[in-house]
Amino acid sequence: MIAEQLRKQFRELYNNEPLVIAAPGRVNLIGEHTDYNEGFVLPGAVDKKMYVAMAENDTDTINVYANQFNETYSFGLTGIKPVNGWMNYLLGVTFHIQDRGKKLRGVDVIIDGDVPVGAGMSSSAALTSAYGFALNEIFHLGFSRMDLAFIGQKTEHTFVGVMCGIMDQFASLHGKAGHVMRLDCKSLEYEYIPFNFPDYNIVLVNSMVSHSLAGSEYNVRRQQCEEGVSMLKKHYADINSLRDVTLDVLELHRQELPAIVYDRCWYVVSEKERLMKGCAALAKGDLATFGLMMNATHQGLSKQYSVSCTELDFLAERAGFIDGVMGSRMMGGGFGGCTINIVKKDAVASFTQKIQAAFEQLFKIQPYVYVTQIEDGAKAI
Ligand code: GLA
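This structure is a prediction, so every number in the text was calculated from the model and none was measured.

### Re the pairing of strand S4 (residues 61–66)
As paired elements, S4 and strand S5 (residues 71–76) share 6 bridges and run antiparallel to each other. Following the sheet pairing, Val64 is matched in S5 by Tyr73. Where S4 meets strand S6 (residues 107–113), 5 bridges bridge the pair, whose relative direction is parallel. The partner of Tyr65 across the bridge, within S6, is Ile110.

So this is what it looks like as structure tokens:
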């Protein structure tokens, strides 16, 4: 449907037939702020997507029309530099593809999508993935999905200023319907795990606090983790990231670490261990145990890692009092965005009604609720 609309719009705007790519946002069941610490994550691609329609235009200019902003932006293939705004994602991907020695020519583009921006569902990773995927197809660049994920991540680092890990881009490009992926962010090996719970839904509740990770505390968290690693490395040469640290080692050197750095490291190391236990529970079909792990993750993110906010804390806590909820926690980078909840299918309607009413009473705004499906990663449609 959306593909047909985009094709029609493309014909009217550029008088040409486009290739249409859809790339999804992501959920992450557990393993938060572990990716840039070389730990594990457990994301899946969702049914909210960014779309890129694209065709060659026989020039050296890239012309973009962004439906969501009703804006046009054109840029040349040389001298690309960061600017302010949504176009940075496209500028960055174009730059980094060429920086890897690949030759591009001009294209006409329409971008569209329904991944809510600033809601912690990775609309930006979906956009860089869809755009990079489209260029890769049109110019036969030969990049793997993992290459495209790294190009998207590098764009965040160098054009947007968010020192993110690889989870979001990876998930948008590698997703598989009905499955989550356990990604080892150190070796980049991954495994598809069926999310086979027909009686449950993954439900997101938007705190309505829109976050931008750029220039935020996100980068500070990363630095605090690195500070912990460099202190511990003085004692253990083989420690290169928090992946290599155990709670025992951390405890042993507690006095040497600033309290805040200890807290940050403690959260990451316990989350790493929690993810392993969570995966074992999922494999046994034990959602009750898995839900308890999600709740514990929220506590850690809120108390030790300090990336939550009043609205997210309220949503996670309130969910715990509603029947049919197995677990609830804030999801993604934090400072706003959504909670992720595992809810019994037959309780989703009453959960939605109750959580919306409670939130609205306190914060005077109704939170959006998204009942998600786990779908495929980026592909042509
Ligand atoms: C953001 C980043 C990811 C990851 C999460 C937290 O979504 O883009 O790389 O660090 O936050 O788990």
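What follows continues from the structure just given.
### Brief notes about the environment of Ile151
On the secondary structure map, Ile151 appears in helix H4 (residues 145–160). Taking the C-alpha atoms as reference, Ile151 lies 10.0 Å from Asp99; in sequence the two are 52 residues apart. Leave out the neighbours within four places in its chain, and Ile151 touches Val93, His96, Ile97, Arg100 and Phe143.

### A word on the site of the ligand
Neighbouring the ligand are 13 residues, the closest being Glu32, His33, Asp35, Asp168 and Tyr218. The backbone of Gly165 places a nitrogen or oxygen atom 2.9 Å from an oxygen atom of the ligand. In this structure, an oxygen atom belonging to the ligand sits 2.6 Å away from a side-chain N or O atom of Tyr218. Contact with the protein chains covers 96% of the free accessible surface of the ligand, which is 310 Å².

### Overview of helix H2 (residues 87–99)
In an α-helix there are 3.6 residues to a turn, and that puts residues three or four apart on one side. Counted at 1.5 Å a residue, the expected span for H2 with its 13 residues is 18 Å, and the 18 Å between its end C-alpha atoms agrees. Most of H2 sits inside the fold, with 10 of its 13 residues counted as buried. Every buried residue belonging to H2 is among Met87, Asn88, Tyr89, Leu90, Leu91, Gly92, Val93, Thr94, His96 and Ile97, and all of these are buried. Looking at the buried residues of H2, the elements they touch are S4, S5, S6, helix H3 (123–138) and H4. Positioned one or two residues after H2, Gly101 has a phi angle of 85°, which is positive.

### Side note on the domain arrangement of the protein chain
Annotation of the protein chain at the domain level lists domain 1 (2–196) and domain 2 (201–371). Between domain 1 and domain 2, the C-alpha centre-to-centre distance is 25 Å. Residue-level contacts link 36 residues of domain 1 with 45 residues of domain 2. When domain 1 packs against domain 2, close to 3300 Å² is buried across both sides, 66% of that on carbon and sulfur atoms. Of all residues in domain 1, the largest losses of buried area upon contact with domain 2 belong to Ile30, Glu32 and His33, amounting jointly to 21% of the total for that side. Across the contact surface, domain 1 and domain 2 share 3 salt bridges. Across the pair Glu32 and Arg329 runs a salt bridge, and its minimum N-O distance is 2.8 Å. At the boundary of domain 1 with domain 2, the tally comes to 19 residue pairs in polar contact (both at pLDDT 80 or more). Those elements giving two or more residues to the side of domain 1 that touches domain 2 turn out to be strand S1 (19–28), strand S2 (40–41), strand S3 (43–56), H4 and strand S7 (179–184). Considered class by class, the residues forming the side of domain 1 that touches domain 2 number 16 nonpolar, 11 polar and 9 charged.

The rules we used
Residues numbered from 1 in each chain as written. Predicted model: local features only at pLDDT ≥ 70, side-chain atom pairs only at ≥ 80, totals over all residues. Heavy atoms only, no water. Pairing = 2+ DSSP bridges. Helix = DSSP H or I, 4+ residues; strand = E, 2+ residues; numbered from the N terminus. Contact = heavy atoms within 4.5 Å. Near = heavy atom within 4 Å. Polar contact = N/O pair within 3.5 Å; in protein donor to acceptor, adjacent residues only side chain to side chain. Areas by Shrake-Rupley, 256 points an atom, 1.4 Å probe, with all protein chains shown as cover. Expected span 1.5 Å × (residues − 1). Buried < 20%, exposed > 50% of the residue type's maximum accessible area, 1.4 Å probe, protein only. Domains from an automatic or database assignment. Buried area = accessible area lost by both parts, 1.4 Å probe. Salt bridge = Lys/Arg side-chain N within 4 Å of Asp/Glu carboxyl O. Nonpolar A, V, L, I, M, F, W, Y, C, P; charged D, E, K, R; others polar.

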